[in-house]
Amino acid sequence: MSIVTSTLGFPRIGPRRELKTALESHWAGKSGARALLDDAAGLRAAAWARQLGTGVTHIPSNDFSLYDHVLDTSVMLGVIPSLYEWCGGPVSPEIYFAMARGTRGRAGGDLPALEMTKWFDTNYHYMVPEFARGQAFALASTKAIDEFLEAKALGIHTRPVLLGPVTYLLLGKSKDEGPDPLSLLPGLLPVYAEVLKCLAGAGAEWVQIDEPCLVLDLADAQRDALAHAYKVLAAAAPDLKLLLTTYFGGLGDNLDTALGLPVAGLHLDLVRAPAQLDDVLSRAPAGLVLSLGVVDGRNVWRANLPAILDRIEPVAARLGTDRLMVGPSCSLLHVPIDLDLETALDPDLRSWLAFAVQKVGEIAILGRAIDRGRNAVADELEASAAAAMTRQASSKIHDRKVKARLDAVTPDMTRRQKPFPARRPLQRDRLALPAFPTTTIGSFPQTEEVRKARAAHAKGTLGDSDYRAFLRKETETAVRWQEDVGIDVLVHGEFERNDMVQYFGEQLSGYAFTRHGWVQSYGSRYVRPPIIFGDVSRPRPMTVEWSAYAQSLTAKPMKGMLTGPVTMLQWSFVRDDQPRERTCRQIALALRDEVIDIEKAGIPIVQIDEPAIREGLPLRRADWRAYLDWAVACFRLTACGVADATQIHTHMCYSEFNDIIDSIGAMDADVISIETARSKMELLEAFATYRYPNDIGPGVYDIHTPRCPSIDEMTALLAKAAERLAPDQIWVNPDCGLKTRKWEEVRPALVNMVEAARRMRLASR
Ligand code: GLN
Ligand code: ZN
């Protein structure tokens with residue numbers, strides 16, 4: 001029997017972002033639901049045909065989604081909050097998109113979207129299931145079955161994918177003291193059972209059921225829930241083979257739980273957790289099929305196929321090919337679709353990469369090598385090994401100077417000269433700021449005009465000097481305006497920046513950018529992460545010119561702005577030939593040079609943004625410490641090259657820092673600005689037990705909505721902050737950068753913010 005090769009999920013968006021085009025046209029009212037659904041069917045058919053064409057045997061269905069697969073699961077189960085006014089029956093596209101995006105301008109009032117949050121440790125965001133008191137479940141969408149039949153009609157036998165019941169519940173939330181999600185399991189299982197029965201009836205042989213919660217720290221009750229759930233599901237459709245699918249980590253202490261479930265197969269992520277294979281092999285019950293996730297579904301590097309075969313051939317010999325499957329570590333949702341479109345990439349770099357299409361090809365080659373022997377695919381294996389060899393030896397990757405510099409880093413480079421209490425008076429003397437100083441986070445509105453000028457410059461229709469003149473004019477306008485309304489610490493406005501990571505990555509060595517390498521971030525929003533392929537260094541200053549120009553316009557202190565090393569790492573595809581920590585340190589050294597150059601240009605304040613520091617946290621608590629230690633060290637390496645009289649700021653979004661607040665403190669930024677307005681200063685709870693030592697600007701203006709906060713509102717937030725923080729510790733600023741807002745929205749809001757700060761000063765006299 002030949003070995004099963006598989007894909008666990010394929011990108012949905014289409015090689016040319018066709019799904020985005022179709023969705024936006026539908027949302028704009030330019031095309032009806034029928035046209036959208038037809039386009040979606042076309043994308044599915046194309047994805048199936050592509051995978052089939054490579055020779056992979058198990059091809060997924062129901063991995064497609066118009067918006068998000070967790071939302072699809074909620075809709076399948078009838079978990080639709082009452083405000084969306086669903087009255088049973090099939091869920092209409094209107095209701096589906098209302099849950100996904102909210103509604104604007106609807107008769108009877110706007111509806112909010114469901115909450116959205118990160119899918120495990122990826123940059124994909126899912127719509128959080130919302131459970132109500134007395135939550136009932138009913139089959140409300142047959143999408144999983146329909147798409148299986150749709151493929152079948154095309155002559156393609158697929159393996160349907162379902163999000164497993166326990167992971168689904170654990171991803172959800174109850175509002176208003178609703179039920180503990182796990183307690184809903186008994187009500188949920190009959191719907192799953194019904195879906196499985198229908199799939200069996202439709203002719204499915206295997207069903208992939210994703211339970212990535214198995215790689216998390218689980219409580220006993222959660223493990224018991226898994227045992228109960230799979231007992232019920234296995235009994236519901238005894239002829240169906242369930243492939244219990246885990247990814248993003250190892251099973252660890254959940255291994256026995258997983259191996260005890262009555263399923264036909266178990267998928268393991270052997271890229272993130274290669275060592276678990278031995279344990280699984282020695283403990284797996286006889287007859288359990290093992291699916292080995294050996295091709296990296298989270299990164300863009302080409303696999304070294306002979307090296308993978310060295311590991312899996314012995315397993316095949318031991319278990320027999322009928323007990324083995326080979327696939328990617330996880331769904332290919334998280335990588336771009338097709339490398340062949342990247343004709344402008346450096347050819348060497350290109351030869352080291354594999355996107356979704358290429359990865360499916362790699363999996364098929366592995367299957368053929370196992371079935372027919374390595375000789376049957378000798379050329380492919382040789383090409384793969386050769387690419388790995390040239391990559392390892394390439395001078396494009398290795399820069400001896402960078403390595404030497406990294407090895408020469410000393411502990412004092414990650415410490416300011418004096419501790420904060422001694423730096424503070426030096427900075428206060430230099431800056432002469434009032435109490436409750438006001439500032440913004442860096443960017444001002446990226447108007448249509450700014451974006452047009454940037455596009456024209458990129459196309460070559462606007463010359464360098466004209467573009468620069470335009471940016472200078474924008475910067476000057478922003479500086480004058482800040483002076484006029486009385487902001488204390490000014491920014492230049494970041495008009496020259498396309499994106500906070502791209503702008504820096506494009507100026508650093510070791511970074512590459514794709515043209516079409518889009519990856520879904522959420523719904524119709526896709527990002528094109530840069531690729532860090534080599535040793536990182538900074539050939540020349542990146543931002544100094546703009547900050548210095550802005551400072552030359554005003555006597556008020558200017559704040560220089562840059563993206564921090566952890567965020568530069570976190571929002572990129574990172575090389576896999578050295579630890580992430582080492583790559584992060586290289587970035588930190590490059591940015592350290594920038595910080596020092598900003599200081600040399602006479603800028604008294606430098607802000608190092610780290611919005612991604614929290615999302616880098618490992619999935620298992622036991623791994624947090626190590627990560628936080630190097631992340632904090634990298635920040636400090638970036639920041640600590642300056643004199644004590646130079647003030648270092650950092651900025652973070654989302655206030656969920658309560659459990660890592662000590663690490664935030666350990667970053668030792670003189671000032672931290674942090675998003676808190678949306679959550680009404682929830683962050684302050686952390687300060688009940690932890691006294692944040694340095695200065696802090698809890699955001700008072702929620703920049704995510706067009707709404708203008710009133711003076712009273714912002715004063716109230718500041719007063720609340722002053723209960724938990726020393727008044728002379730508090731800065732006054734918005735939640736985040738203002739680039740997505742309009743000037744008409746920003747102007748009155750900042751005028752109010754300055755007034756709120758003034759009231760606080762008067763009140764605390
Ligand atoms: N300085 C950046 C800005 O103002 C920070 C963005 C962010 O935190 N996401 O736009
Ligand atoms: Zn932010």
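Right above here is the structure, for reference.
Residues numbered from 1 in each chain as written. Chains lettered and ligands numbered in written order. Predicted model: local features only at pLDDT ≥ 70, side-chain atom pairs only at ≥ 80, totals over all residues. Heavy atoms only, no water.

Draft legend 1. Fine view of the sheet that holds strand E10 (residues 265-269). Pairing in this open sheet of 8 strands is parallel, and the strands run E1-E12-E11-E10-E9-E8-E6-E2 from one edge to the other. Here the strands that pair on one side only, and so sit at the sheet edges, are strand E1 (4-5) and strand E2 (59-61). By the bridge criterion, 5 bridges tie strand E11 (residues 289-295) to strand E12 (residues 324-328) in an arrangement that is parallel. Among the inter-strand pairings, Leu290 is bridged to a residue of E12, identified as Leu324. (Pairing = 2+ DSSP bridges. Helix = DSSP H or I, 4+ residues; strand = E, 2+ residues; numbered from the N terminus.)

Draft legend 2. Molecular detail of the coordination of the zinc ion (ligand 2). The protein atoms that coordinate the zinc ion (ligand 2) are His651 (NE2), Cys653 (SG) and Cys736 (SG), at distances spanning 2.0 to 2.2 Å. If you look at the zinc ion (ligand 2), its 4 donor atoms make angles of 89 to 121° with each other, and the shape they trace is tetrahedral. Considered as a linear motif, the donors of the zinc ion (ligand 2) on their single chain read H-x1-C-x82-C. With Cys653 in the loop between strand E20 (647-652) and helix H24 (661-666) and Cys736 in the loop between helix H25 (711-724) and helix H26 (743-763), the pair connects residues that are 83 residues apart, well separated along the chain. Relative accessible area serves as the criterion here: at 19%, Cys736 is assigned to the buried category. (Donors = N, O, S within 2.8 Å, 3.2 Å for Na, K, Ca; no water. Tetrahedral: all angles 85-135°; square planar, octahedral: opposite > 155°, others 65-115°. Buried < 20%, exposed > 50% of the residue type's maximum accessible area, 1.4 Å probe, protein only.)

Draft legend 3. Molecular detail of the environment of Ala677. Within the fold, Ala677 resides in the loop between strand E21 (671-674) and strand E22 (695-698). Here Ala677 falls in the buried class, since its relative accessible area comes to 8%. Residues Ala677 and Gly699, 22 residues apart in the sequence, show an inter-C-alpha distance of 5.4 Å. Setting aside anything within four residues of it in sequence, one finds Ala677 in contact with Gly699, Val700, Tyr701, Asp702, Leu717 and Asp735. (Contact = heavy atoms within 4.5 Å.)

Draft legend 4. Highlighting the site of ligand 1. Lining the immediate surroundings of ligand 1 are 13 residues, of which Ser443, Glu494, Asp609, His651 and Gly737 lie closest. Note that a nitrogen atom of ligand 1 is positioned 3.1 Å from one of the backbone N or O atoms of Ile441. In the environment of ligand 1, an oxygen atom lies 3.1 Å from a nitrogen or oxygen atom belonging to the side chain of His651. In isolation ligand 1 has 290 Å² of accessible area, and contact with the protein removes 93% of it. Classifying every residue of the shell around ligand 1 by side-chain character gives 6 nonpolar, 4 polar and 3 charged. (Near = heavy atom within 4 Å. Polar contact = N/O pair within 3.5 Å; in protein donor to acceptor, adjacent residues only side chain to side chain. Areas by Shrake-Rupley, 256 points an atom, 1.4 Å probe, with all protein chains shown as cover. Nonpolar A, V, L, I, M, F, W, Y, C, P; charged D, E, K, R; others polar.)

Draft legend 5. Expanded view of the sheet that holds strand E17 (residues 559-563). Ordered in space as E17-E19-E20-E21-E22, the 5 strands form an open sheet in which the pairing is parallel. Edge positions in the sheet fall to E17 and E22, since each has one partner strand and no second. With direction set aside, neighbouring strand axes in the sheet form an average angle of 20°. Here E21 pairs with E22 via 4 bridges, running parallel. Following the sheet pairing, Val671 is matched in E22 by Asp695. (Axes fitted to C-alpha atoms, helices over the stretch in contact; angles between N-to-C directions.)

Draft legend 6. Up close: the environment of Gly616. Along the chain, Gly616 turns up in the loop between strand E19 (605-609) and helix H23 (624-639). Note on Gly616: relative accessible area 15%, which makes it buried. For the pair formed by Gly616 and Arg765, sequence separation is 149 residues and the distance between their alpha carbons is 42 Å. With residues up to four places along the chain from it excluded, the contact list for Gly616 reads Gln570 and Tyr627.

Draft legend 7. Spotlight on the packing of helix H15 (residues 400-407) against helix H22 (residues 580-600). One can describe the packing of H15 onto H22 by two numbers: an axis separation of 10 Å at closest approach and a directional angle of 90°. One way to sum up the angle between H15 and H22 is to call them roughly perpendicular. Between H15 and H22, the contacting residues are Val402, Lys403, Arg405, Leu406 and Asp407 on the first element and Arg582, Arg585, Gln586, Leu589 and Asp593 on the second. For the contact of H15 with H22, a count of residues per class yields 3 nonpolar, 1 polar and 6 charged. (Parallel < 35°, antiparallel > 145°, perpendicular 65-115°, else oblique.)

Draft legend 8. Seen up close, the environment of Ala550. Considering the arrangement of structural elements, one finds Ala550 in helix H20 (residues 544-552). Residue Ala550 is classed as buried on the basis of its relative accessible area of 0%. With 72 residues separating them in the primary sequence, Ala550 and Ala478 have C-alpha atoms 9.3 Å apart. What Ala550 contacts, discounting residues up to four positions off in sequence, is Thr475, Val479, His492 and Met558.

Draft legend 9. Highlighting the packing of helix H18 (residues 464-485) against H20. At a closest axis distance of 10 Å, the pairing of H18 and H20 adopts a crossing angle of 45°. Our classification of the angle between H18 and H20 gives oblique. Where H18 crosses over H20, the two elements pack in a sense that is right-handed. For the pair formed by H18 and H20, the contact residues are Arg468, Leu471, Arg472, Thr475, Glu476 and Val479 on the first element and Glu545, Trp546, Tyr549 and Ala550 on the second. For the contact of H18 with H20, the per-class residue count stands at 5 nonpolar, 1 polar and 4 charged. (Left-handed = near helix turned anticlockwise from the far one by under 90°.)

Draft legend 10. Layout of the side chain of Arg497. Considering the arrangement of structural elements, one finds Arg497 in the loop between H18 and helix H19 (502-505). Accessibility expressed as a relative area gives 4% for Arg497, which makes it buried. Within the structure, the side chain of Arg497 is placed 3.2 Å from the side chain of Glu496, a separation counted as a polar contact.

Draft legend 11. Representation of the pairing of E21. Going residue by residue along E21, you find Val671 and Ser673 tucked away on one face and Ile672 and Ile674 tucked away on the opposite face as well. Sheet analysis places E20 next to E21, joined by 4 bridges and oriented parallel. Note that in E21 the partner of Met652 across the bridge is Ile674.

Draft legend 12. Main features of H25. Its 14 residues give H25 an end-to-end C-alpha distance of 21 Å, which sits within 8% of 20 Å, the value for a rise of 1.5 Å per residue. If you check which residues of H25 are buried, you get Met714, Thr715, Leu717, Leu718 and Ala721. With its buried residues spanning 160° around the axis, H25 presents them on a single face. Seen from the open side of H25, the exposed residues pointing more than 90 degrees away from its buried face are Asp712 and Glu723. Those residues of H25 that are buried lie in contact with E22 and H26. (Expected span 1.5 Å × (residues − 1). Arc of directions from axis to C-beta.)

Draft legend 13. Just the packing of aromatic side chains, in detail. The final tally for this structure, using the stated rule, is 15 aromatic pairs. Ring plane angle 75° and centroid distance 6.1 Å describe the contact between Trp119 and Tyr126, whose orientation is recorded as edge-to-face. Using a relative accessible area of 2% as the deciding quantity, one classes Trp119 as buried. With a centroid separation of 6.5 Å and 20° between ring planes, the pair formed by Tyr511 and Phe513 is classed as stacked. With a relative accessible area of 23%, Phe513 lands in the partly exposed category. Of the aromatic side chains, those joined through ring pairs into one cluster are Trp119, Phe120, Tyr126, Tyr247 and Phe248. Against the face of Phe248 rests Arg298, its NZ or CZ located 4.9 Å from the ring centre. Lying over the aromatic face of Tyr549, Arg472 brings its terminal NZ or CZ to 4.2 Å of the ring centre. (Phe/Tyr/Trp six-rings, centres within 6.5 Å; stacked < 30°, edge-to-face > 60°. Lys NZ or Arg CZ within 6 Å of the ring centre and 35° of its normal.)

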